[in-house]
Structures are given as C-alpha cells and as structure tokens.
Amino acid sequence: METELIHYILTHKELHYRLAYSYTRNKEDALDIVQDSIVKAIHYQNTLKSKEALHPWFCRILINTAKTFLKKQKHFIPLDEVSPEKLPSHSEKPTYNLLLEEALNHLSYNEKTIIFLRYIEDLELREIAKLLHQNLSTVKSTLYRTQRKLQLLLEKD
Amino acid sequence: MNLMSKQKNQADLSETFADYLDQIEIPEELNAIVDSAIQRTKPLKERNMNMKKFAKHTIAASFIGLMGFVGSVNLSPTFASSISDLPLLGSLVKVVNLRQFEYQASTYNATLEAPVIEGLEDEALQKSLNTKYLEENKKLYEAFEKDVAKMEQFDSPGHLGVDSGFEIKTNTEDILSIARYVVNTVGSSSTTMTYDTIDKKNEILITLPSLFIDEEYISIISENIKTQMKERMKQDENLVYWIEGDEGALEGFDRINVHQPFYITAEGKLIISFDKYEVSPGFMGIQEFEIPTEVIEPLLVSSLYIH
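These numbers were taken from a predicted model, which means no experiment stands behind them.

1. Observations regarding the overall build of chain A
Scanning chain A for helices and strands turns up 8 helices and 0 strands. In chain A, the succession of helices and strands from N to C terminus is α-α-α-α-α-α-α-α. Pairs at least 24 residues apart make up 67% of the contacts formed inside chain A by residues separated by at least 6 positions. For chain A, the computed accessible surface area is about 7,600 Å², with 52% contributed by carbon and sulfur atoms.

Here's what the structure looks like:
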C-alpha cells in the first residue's frame, strides 16, 4: 500500500495544493495543509481499506486538515459575516477569476466542500456522500442548490 | 429551467472551475514540501535517492557538544554535573556515557552516544540492557554509512545527520528512568524516543503492562489522554492534536499501544510519551502526558512505583 500511496501523493500534489488553496486563499497556509495531510496519510495508511478508496480517503484527510486549520487560524468566517470589503481577492493577482472567488465566498463551508470535491477533485456524488457522512440525496440536493446559487451569482454581474 | 439549459449551465460551471484552477499558481516550494513530508515519515534505512532534491533546504540538527573518544567509556563533565544535581548520587547504580561514534564532515555529522548502566547486581539484566543500547547505535551507524555512500554519488551532496543520546528522566532510590533519543536529519528532522525504567531495589525492568492488573489500562489511559488533548487545545488555540472521531476524522489518535513509551517521575507519576508526528503535526514535537494517579489507581498492581 505504501508505494501506491506515495505514487498517488506525488501524482496528485498539484491538485491537492489547489484544493487547499481554494480554502485558504493563501500560499503558505495551503502548503502547510498539503504537508500535514501527507504526513497524516502516511502515518494512518493502515486505516485505508482498499486501493480504490485512496482518492476519496486522501481528500477527506485534506479537507479535515483544512477545516481544523481554518478554525485555528480564525480565517474561517461564517457565511453571514462576510461583507464585500472583507474579501481577500483585492490582495491577489488581478488575473484571478474574481467573479467565481467572490461567488464562492457566499457559500457555506459545507456547500463549498461539496462543490470543491465535485469540481476540483472530480469525485462522484456517491463518494462525496460517503466521505462526508451524509446521505446521497442530501448531497445531491445540496449540490444542485449550490450550482444554481453559483450560476445566479455569476450571471448577476 | 428546462433540462437543456440546466445541462448547459453545468457545463459552464465546469469550465469556470477549470479556469479558476488553472489560475491558481503552483508555488516552487511545493515539490520540496511534498518530498520532505514523505521523507520524514520514513525510517532512515528506507530513505531513497530523492533526498538530494530537498537536501539543499536543510539545516542540520544541533548536536550536543560533549568531548569523547571513539569506543572508550567516559563520564563527560556535563553529564557528571547533571547527575550530581539529583538526589542519591551515592546509590550503587549509576549510568555513564559512552561516546561510541563521532563523524563530522562538511555536510555529514553523526554523534552516537549510548548509556552504560553500572552497579546492578543482576548482571544478566544489566548486560542485556547495555548490549541493547550498543547494538541499536551500531545499527544506526551502519544505516548512516549507507546513506553517506548514496549521497556521495551526487555532485553536490546535501546534509545528513544522525544523533543519538540519552537523558536521565528519573533517578531515585527506587527508580531509574532513562530516555534515549534518535534525531535523524534529512530534509527535516525526526525524533524518536525510547525509555527504560528499572526498579533499582528489586532489579527488574518495568514494562507498561507489568504495572497493571489487566489490559483495561489501555482504554482508561487513552480516554484520559484524549480529554487532556481537548483541554490543551481549548486552552491554547495554536495547539493541534489529531483525535479519532473528531469532526468525522478517520485518522487520529485512538488508543495507546500495549507498550506505549512511558516513564515514571520522581514523584511517582506515570508519563506517556508520543513521538513527533504520532498524534500531532510536526511543529508540536514530542508530546508527553501525565496520567493522574487517581484515574489508574484501581488498575495498578501496587502503589510502589506509581502513587
């Protein structure tokens, strides 16, 4: 298992960095999350049952690490406290997809996570449901609701 | 919204995300960070040729600067002063410092030291412990030699370091607890600790299971540690422990091992120890937990060692 895990980590590092970055919007924090997730994954590799589960299993470690991290760093701003001037986007490069970034800020942590797992990590709904301990229909309806919300936010401007 | 436009919009969203992801730049440091995270979780002997890539970013671990001779038993001045601070120096059982091996080259350093126990009447016990200490250092040395040979094949060799030594945790009339550490430095450093606790009067090696009437201690101690971890995290927001069952985490501390590293303090308290990365991220280092005696009292074989 160890060899497969390391191969997986090496081949997916950019994807994982991007997922971590989507939560933190900050290079250093995202690198920290990737690093801690790898150490954790290797340390707890015996909790991994089969090879097929590797991708969702690692994503879960990564999003849990990101969640803990955001809480500790107090960067975790609940949805209703977000106001436009608080958005970190202005400090980023202007080439950034500001519209989507801003739209993402209007999502709850759970909505964001489902959207990220679907669109960044390309997980199937069934896998997302299992990973988040939610039932399939809840995940489905959250995803559709969130997609519509994003579309509306993106069309608005 | 009809089905057609719904599908179209979903495709748009995928495209928007693909765009968004492309615009997140991958920092140069990512490779080095991923490599060192993988590397630090592996024991020295399993390290591979990847070490060169991130070796440049390393800082060698600091070594304790004791003077000594290869292969000769010597009681170092630093150590002698530290032991005289402890009560009962007159006790017949003592520990001396053996500098087994020292190697300092431009980018490689190794300092291997082993404790040597003297004065136990049970010579078989004394010999088995002393042999174990020497054998462990011999293995570390062999692994280090191999790593150096591998590193030599590169044009610009990086840092390699190994440092072993010991610390007297407790030395009372009844108990001697010795902690031994190994610090490996390739990329980042990792530290492993091992402990031996000896009943000096009865001349027996105390193991964790031998302290308790049955194996229930595993769950009692584990639960207490989890409570302490949560308490510590509440007190200080910067601390992070990985606890099983937290926020749906599959991966985290659940139970101590039957032979979890431990030592006993001069006050008769049980301390459970975890290596770096075992229950928390690297910045937290080695973690120790004092188990309140009242928690484990009903399970103790006697109150001789722990009280």
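Moving on, there is more to tell.
2. A word on the confidence of the model for chain A
Summing up the model confidence of chain A, the mean pLDDT is 79 and the portion of residues at 70 or higher is 80%. The spread of mean pLDDT over the elements of chain A runs between helix α5 (residues 98-104) of chain A, the lowest at 80, and helix α2 (residues 13-24) of chain A, the highest at 90.

3. A short note on the interface of chain B and chain A
Tallying the contact residues gives 42 residues for chain B and 51 residues for chain A. Both faces considered, chain B and chain A share a buried interface measuring about 4,500 Å² in area, 64% of it formed by carbon and sulfur atoms. At the junction of chain B with chain A, the criterion picks out 1 salt bridge. With a shortest N-O distance of 3.1 Å, K27(A) and E29(B) are connected by a salt bridge. Within the residue set of the side of chain B that touches chain A, elements represented by two or more residues are α1 (3-22) and α2 (29-40) of chain B. For the side of chain B that touches chain A, the element with the highest residue contribution is α1(B), accounting for 10 residues. A class-by-class count of the residues in the side of chain B that touches chain A yields 22 nonpolar, 9 polar and 11 charged.

4. Topic: the environment of L239(B)
For L239(B), the location among the structural elements is in the loop between α6 (216-235) and β8 (262-264). A relative accessible area of 21% places L239(B) in the partly exposed class. Among all residues touching L239(B), those that are not within four sequence positions of it are K72(A), R232(B), M233(B) and M284(B).

5. Considerations on the packing of aromatic side chains
As enumerated under the stated definition, the model contains 11 aromatic pairs over all chains in all. Summarising the aromatic geometry, the rings of Y17(A) and Y21(A) are spaced 6.0 Å apart at their centres and angled 40 degrees between planes, so their arrangement reads as tilted. Remark: Y21(A) and Y17(A) occur in helix α2; sequence separation between them is 4 residues, near one turn of the helix. In this structure an aromatic cluster arises from ring pairing among Y241(B), F253(B), F274(B) and F289(B).

6. Digging into the sheet that holds β8(B)
All names here are of chain B. Taking strand neighbours across the sheet as the criterion, the 3 strands line up as β8-β9-β10 in an open arrangement whose pairing is antiparallel. With partners counted over all chains shown, the strands left at the sheet margins are β8 and β10 (287-291), one partner each. When strand polarity is set aside, the average angle formed by the axes of neighbouring strands in this sheet is 25 degrees. With 3 bridges connecting them, β8 and strand β9 (residues 270-274) associate as antiparallel partners.

7. A closer look at the pairing of β10(B)
For a regular strand, the rule is simple: side chains alternate between the two faces of the sheet. All names here are of chain B. Burial of the side chains of β10 is restricted to one face: Q287, F289 and I291 are buried, whereas none of E288 and E290 on the reverse face is. Of the strand pairs in this sheet, β9 and β10 are connected by 5 bridges, and their pairing is antiparallel. From the neighbouring strand, I271 faces β10, where its bridge partner is E290.

8. Notes on the nonpolar core
The biggest cluster of nonpolar side chains holds 64 residues, and the ones touching the most others in it are I9(A), I38(A), L104(A), I115(A), L150(A) and F17(B). Among the elements that line this core, the one with the most residues is helix α4 (residues 54-73) of chain A, at 10 residues. Counting residues domain by domain, this core receives three or more from each of domain 1 (1-84) and domain 2 (88-157) of chain A. Leave out the neighbours within four places in its chain, and L104(A) touches R25(A), K112(A), I115(A), F116(A), L150(A), F17(B) and Y20(B). I218(B), I264(B), F289(B) and L300(B) belong to the second-largest nonpolar core, a separate cluster that totals 29 residues.

9. With respect to the pattern of salt bridges
Residue and element names in this part refer to chain B. One pass over the full model with this rule turns up 16 salt bridges over all chains. Residues K201 and D174 are paired through a salt bridge, measuring 3.1 Å at the closest nitrogen-oxygen approach. Note that K201 is positioned in the loop between β6 (188-199) and β7 (204-206) and D174 in the loop between β4 (160-171) and β5 (175-186), a separation of 27 residues in sequence. Taking the relative accessible area as the measure of exposure, K201 reaches 54% and is therefore exposed. Judged by its relative accessible area of 29%, D174 falls in the partly exposed class. Across the salt bridge formed by E223 and K226, the nearest N and O atoms sit 3.4 Å from each other. Taken together, the residues E223 and K226, both in helix α6 and 3 residues apart, mark about one turn of the helix.

10. Structural notes on α2(A)
Between the first and last C-alpha of α2(A) there are 16 Å, a value that for 12 residues agrees with the 16 Å anticipated at 1.5 Å per step. Downstream of α2(A) by a residue or two, R25(A) has a phi angle that is positive, lying close to 55 degrees.

11. Overview of the confidence of the model for chain B
The predicted coordinates ought not to be read in detail in places where the model reports low pLDDT. Residue and element names in this part refer to chain B. Overall, the predicted model of chain B reaches an average pLDDT of 75, with 74% of residues at or above 70. Scored below 50 in pLDDT, residues 43-90 shows 95 contacts in the model against residues more than four places distant or in partner chains. Across the interfaces of the predicted complex, the ipTM metric reaches 0.75, alongside a pTM of 0.53.

12. Thoughts on the packing of α2(A) against helix α3 (residues 27-43) of chain A
All names here are of chain A. Between α2 and α3, the shortest axis-to-axis distance is 8 Å and the interhelical angle comes to 130 degrees. Here α2 lies oblique to α3, going by the angle between them. Crossing of α2 over α3 shows right-handed handedness. Of the residues in α3, those in contact with H16, Y17, A20, Y21 and T24 of α2 are K27, D29, A30, L31, I33 and V34. Across the contact of α2 with α3, the residue classes break down as 7 nonpolar, 2 polar and 2 charged.

Cut-offs and rules
Residues numbered from 1 in each chain as written. Chains lettered and ligands numbered in written order. Predicted model: local features only at pLDDT ≥ 70, side-chain atom pairs only at ≥ 80, totals over all residues. Heavy atoms only, no water. Helix = DSSP H or I, 4+ residues; strand = E, 2+ residues; numbered from the N terminus. Contact = heavy atoms within 4.5 Å. Areas by Shrake-Rupley, 256 points an atom, 1.4 Å probe, with all protein chains shown as cover. pLDDT = per-residue confidence, 0-100. Buried area = accessible area lost by both parts, 1.4 Å probe. Salt bridge = Lys/Arg side-chain N within 4 Å of Asp/Glu carboxyl O. Nonpolar A, V, L, I, M, F, W, Y, C, P; charged D, E, K, R; others polar. Buried < 20%, exposed > 50% of the residue type's maximum accessible area, 1.4 Å probe, protein only. Phe/Tyr/Trp six-rings, centres within 6.5 Å; stacked < 30°, edge-to-face > 60°. Pairing = 2+ DSSP bridges. Axes fitted to C-alpha atoms, helices over the stretch in contact; angles between N-to-C directions. Core = buried A, V, L, I, M, F, W, Y, C linked by side-chain atoms within 4.5 Å. Domains from an automatic or database assignment. Expected span 1.5 Å × (residues − 1). Parallel < 35°, antiparallel > 145°, perpendicular 65-115°, else oblique. Left-handed = near helix turned anticlockwise from the far one by under 90°.

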